[in-house]
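This is what each chain is made of:
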Amino acid sequence: MVDKSKHIIHMDQDAFFVSVELRKNHKLAGKPVIVGGNSDRGVVTSCSYEARKFGVHAAMPGRMAKQLCPQAIFVRGNMDDYSKASHEITEIIADRVPLFEKASIDEHYIDMTGMDKFFGCMKFASELRQTIIKEMGLPISFGLSINKTVSKIGTNECKPNGEKEIPFPEVRDFLNPLAVHKIPGIGDATYKKLSEMGVRKIQTLAEIPQDLMFKILGQHGLGLWQKANGIDPSPVVPYRERKSIGTQTTFESDSMDISKMKAILSGMVTNLTYDLRSQQKLTACITVTIRYSNFETVTQQARIPYTALDSFLIAKAHDLFKKLYTKRMLLRLIGVKLSHLVSGFEQIGLYHTSEVEYDLYQAMDKVRNHYGIESVVKACIVRGPERDENGKVIKYNPRKKKKEKQVEDGEEKVDERQRSRIRTFINAELGTATKLDG
């Protein structure tokens, strides 16, 4: 059933990264501008509407973008600037609305349900948009309707720099003539299958029997059918700035070996960033915690550009550890946490790393997805390879499943080689690791 009483605003920055670049360099206004993708192996992160007229779009290979729009101006981009602008926009919204969700680095959902009794939601949304434009100097569009799906489609239809209200009685008339790919959640594969069925308009999809949609696309098909009919029960999830993932290790024996501490931090960050990329999340804050042998616990955090890549976060973790570890005392615990998470894709962090290194992260993630997270680790995390009595390296085989069991004093022991290098290093030599979800 459709909840007619809802008032949901979807606000989205127009070509966000490009808009920030235009704010810094007004000479780029009115020109086809592309952020990222400057090299043959690069990827387009964002592009101006002038560039989109030539068929250029985000996630397109840079080489293809150059072929479609030879006159395009390529800008490397600066993630620090984009993150700062995103934080400032979020602060403006947080100061003025009762409930909002930060869906990504450049879009927000706002639930104004019930507030129409005090003032018009459309009037409020329009004033909020003008406030952001005035204070930030960045264009922004919004859609206002009965749920998140219809509001988001409304935003996309009124871009660039526009605003649109779709009240309940007008929802079906608004959706019906639109192309079916305008529905959020329809990717290339689903669109191809729907096109083969002759479904190209939202109205056609809305008229297909639900049981047929379930037979063709399963639960996903039912969800698309609901959206085509203007139904979306998903709530606006309150934005929690403290949402985080983290891990910490308590050592079996206190230590002050700095090289080992840095190796452990590197291993922790590597595992956490893999989780971020798997969930298509980005972090904007890193926190490092240490606990001395006298149980004194100190922490330090740093706000950072949105990213999910190893090298930048590892370097930042090491820097924070260096600032924290000021007493020549033994340590009993060390931990790291990534917070201020938002949805986003890996390529927007390209500015922290070379394209070759970025390709390496993708390759490592594929190996981990297939063989497990501990099948590939950085060399700095592990000890030197095990050698036999002749000095020959004992090869480590991650596929080996057979456990070599030994019995000593009635207790079963598992051969150390069956455990990953990172786990062996942390657990066997220093302590136990605990993963934290916040």
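Residues numbered from 1 in each chain as written. Predicted model: local features only at pLDDT ≥ 70, side-chain atom pairs only at ≥ 80, totals over all residues. Heavy atoms only, no water.

Draft legend 1. View of the environment of Gly221. Mapped onto the fold, Gly221 is located in helix α10 (residues 210-228). According to the relative accessible area criterion, Gly221 is buried, its value standing at 0%. Along the sequence, Gly221 and Thr190 sit 31 residues apart, while their C-alpha atoms lie 9.2 Å from each other. (Helix = DSSP H or I, 4+ residues; strand = E, 2+ residues; numbered from the N terminus. Buried < 20%, exposed > 50% of the residue type's maximum accessible area, 1.4 Å probe, protein only.)

Draft legend 2. Expanded view of unusual backbone geometry. Cis geometry is found at the peptide bond from Lys159 to Pro160, where omega equals -5°. Take Pro160: it is sitting in the loop between α6 (148-158) and β8 (163-165). With a phi close to 40°, Ala15 is a non-glycine residue in the positive phi region. Structurally, Ala15 can be placed in the loop between β1 (8-13) and α1 (16-24). One non-glycine residue, His340, lies in positive phi territory at about 55°. With respect to the secondary-structure elements, His340 resides in the loop between β12 (331-339) and β13 (342-343).

Draft legend 3. Spotlight on the state of the cysteines. One pass over the full model with this rule turns up zero disulfides. Free of any disulfide, Cys69 has its nearest neighbouring cysteine sulfur in Cys47, separated by 9.2 Å. Cys69 sits in the buried class, given a relative accessible area of 0%. (Disulfide = S-S within 2.5 Å.)

Draft legend 4. Examining the confidence of the model for the chain more closely. Per-residue pLDDT for the chain has a mean of 82; in total, 79% of the residues score no lower than 70. In the model of the chain, helix α14 (residues 421-430) stands out as the element of lowest mean pLDDT, 40, in contrast to strand β7 (residues 140-145), which has the highest, 97. Across residues 348-352 the pLDDT falls below 50, and counting only partners more than four positions away or on other chains, this stretch makes 22 contacts in the model. Confidence drops under pLDDT 50 across residues 401-435; counting only partners more than four residues distant or on other chains, this segment forms 78 contacts. (pLDDT = per-residue confidence, 0-100. Contact = heavy atoms within 4.5 Å.)

Draft legend 5. Main features of the layout of surface pockets. Computed from the structure, the largest pocket encloses a volume of approximately 1500 Å³. Taken together, the elements giving at least two residues each to the lining of the largest pocket come down to β1, α1, β3 (44-47), α2 (49-52) and α6. Broken down by element, the lining of the largest pocket gets its largest block of residues, three residues, from β3. When grouped by side-chain class, the residues that make up the lining of the largest pocket number 14 nonpolar, 12 polar and seven charged. (1 Å grid on protein atoms, 1.4 Å probe; cavity = no way out; pocket = protein on both sides within 12 Å on 5 of 7 lines; lining within 4 Å. Points joined across faces, edges and corners; volume = space filled by probe spheres on them. Nonpolar A, V, L, I, M, F, W, Y, C, P; charged D, E, K, R; others polar.)

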